Amino acid sequence: MSDRQSAQDRKAQIVVEVLRLADEIGPDRLSTTDVARAIGLSQPAIFRHFPTKGALWLAVAEDIADRLQGDWAEAEAEASGPRARLKALIGAQLTAISRTPALPSILFSRELQVENEALRDVFRGLLAGFQSRLVAVIRDLQTAGDMKRDVSPEDVAILLTSLVQGVAIRWTLGARGFALAPEGLRLFDVQMELLRAKGGACDEKTR
């Protein structure tokens, strides 16, 4: 294995450990000393890979973004029809949060909200990308007559994104006492029924 590959592997290990520790002790309490101790490195060794704590958090955000974008693309590719695609996107997001339980805490952390503009920009762009995917599918549903047309696709996308965020917060505050994805998808079905066009032919198989 080359030195470059070793460095890449070490960086990936550090990112994974940051996510684990952010869930365990909270992103705002997490220090590079904690990360170094957990991996068995010195603190200067961490800074050889990431020159600042901000750079480390940016790498974490980019890793999350890459995985989420891959999850969204895969979910849409495997679904047939706009309603199934919409439900698959919501399900992929919920599943990703359940796999990375530190994510809600990171989104509301001081690190993201106050101290690290680059980190905030990554997550802001990620949210915009997710909502753009939702809007495209929602327009297809409205064109097909399966969703009310008197509500803007952008507002529906915000509503569904807020549903995901709300369930994720309730899951976090409730000590993860319920299965996140099934609960979120149950509420998605409720929301979709409320948005269904009168006389529309929503694909029942996706429920």
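Along each chain, the written sequence defines residue order, and numbers are assigned to residues from 1. Per-residue local features are limited, in this predicted model, to residues with pLDDT of at least 70; the limit for side-chain atom pairs, both in listing and counting, is 80 or more; totals at the level of whole chains, interfaces and linings are taken over all residues. Only hydrogens and water are set aside; all other atoms, that is, all heavy atoms of the structure, feed into the side-chain values.

Re the nonpolar core
Selection criterion: Definition used in this section: a nonpolar core is a set of buried Ala, Val, Leu, Ile, Met, Phe, Trp, Tyr and Cys residues joined via side-chain atoms within 4.5 Å. For the exposure calls, accessible area comes from a 1.4 Å probe over protein chains only, and a residue counts as buried if that area is under 20% of its type's maximum, exposed if over 50%, partly exposed in between. The secondary structure listing takes helices from DSSP runs of H or I that are at least 4 residues long and strands from runs of E that are at least 2 residues long, numbered from the N terminus. Here a residue-residue contact requires only that any non-hydrogen atoms of the pair lie within 4.5 Å.
By size, the foremost hydrophobic cluster in this structure holds 56 residues, and its most contacted members are I64, L86 and L134. Of all elements in the fold, only helix 1 (3–25), helix 2 (32–39), helix 4 (53–78), helix 5 (82–99), helix 6 (103–107), helix 8 (117–143), helix 9 (153–173) and helix 10 (180–195) reach the threshold of two or more residues within this core. With sequence-adjacent residues up to four places away left out, I64 is seen in contact with L19, L103, I106, F123 and L126.

A few points about the packing of helix 5 against helix 10
Filter applied, for reference: Here the axes come from fitting lines to C-alpha atoms, over the contacting stretch only for helices, and the angles between their N-to-C directions go from 0 to 180 degrees. Every angle not falling under 35 degrees, over 145, or within 65 to 115 is termed oblique; those three ranges are roughly parallel, roughly antiparallel and roughly perpendicular. Note on convention: near helix rotated counterclockwise from far helix by under a right angle means a left-handed crossing. Clockwise means right-handed.
At a minimum axis separation of 9 Å, helix 5 and helix 10 run at an interaxial angle of 150 degrees. When the interaxial angle is binned, helix 5 and helix 10 end up roughly antiparallel. As for how helix 5 packs across helix 10, the hand of that crossing is right-handed. Side by side, helix 5 and helix 10 meet where R83, L86, K87, I90, G91, L94, T95, I97 and S98 of the first sit next to L180, A181, G184, L185, F188, D189 and M192 of the second.

Comments concerning the packing of aromatic side chains
Aromatic ring pairs: the centre-centre distance and the angle between the two ring planes describe each pair. For clarity, the cut-off: Aromatic contacts are taken between Phe, Tyr and Trp rings whose centres are within 6.5 Å, Trp giving its six-membered ring; a plane angle under 30 degrees counts as stacked, one over 60 as edge-to-face, and the others as tilted. Remark: a charge is flagged as sitting over a ring if the NZ atom of Lys or the CZ atom of Arg is within 6 Å of the ring centre and within 35 degrees of the ring normal.
Going through the model one piece at a time under the given rule, you end up with one aromatic pair. Look at W72 and F130: their rings are 5.0 Å apart centre to centre, the planes differ by 35 degrees, and that puts the pair in the tilted class. Of the two residues, W72 sits in helix 4 while F130 sits in helix 8, which places them 58 residues apart along the sequence. Judged by its relative accessible area of 2%, W72 falls in the buried class. The exposure class assigned to F130 is buried, which follows from its relative accessible area of 2%. A cation over a ring is seen here: K11 above F50, with NZ or CZ 5.9 Å from the ring centre. Looking at R176, its charged tip hangs above the ring of W171, at a distance of 5.3 Å from the centre.

Points about a nonpolar patch on the surface
How we decide: Surface patches are defined over residues having more than 30% relative accessible area and no salt bridge, joining like charges when they lie within 9 Å and nonpolar side chains (Val, Leu, Ile, Met, Phe, Trp, Tyr) when within 5 Å. Surface accessibility follows the Shrake-Rupley procedure with a 1.4 Å probe radius. Residue values consider only the protein chains on display as shielding. The rule for a salt bridge is simple: a side-chain nitrogen of Lys or Arg has to be within 4 Å of a carboxyl oxygen of Asp or Glu.
A surface patch of nonpolar side chains, amounting to about 350 Å² of accessible area, comprises F108, I169 and L173. Relative to the elements of secondary structure, F108 occurs in the loop between helix 6 and helix 7 (110–115).

Some thoughts on the UniProt feature "domain: HTH tetR-type" (unreviewed entry) in the protein
This is how the line gets drawn: UniProt positions are given in the numbering used here, feature names are shortened, and annotations may be inferred rather than shown by experiment.
Following the UniProt record, one finds the feature "domain: HTH tetR-type" (unreviewed entry) at residues 8–68. The span residues 8–68 carries 80% helix and 0% strand; its end-to-end C-alpha distance comes to 20 Å.

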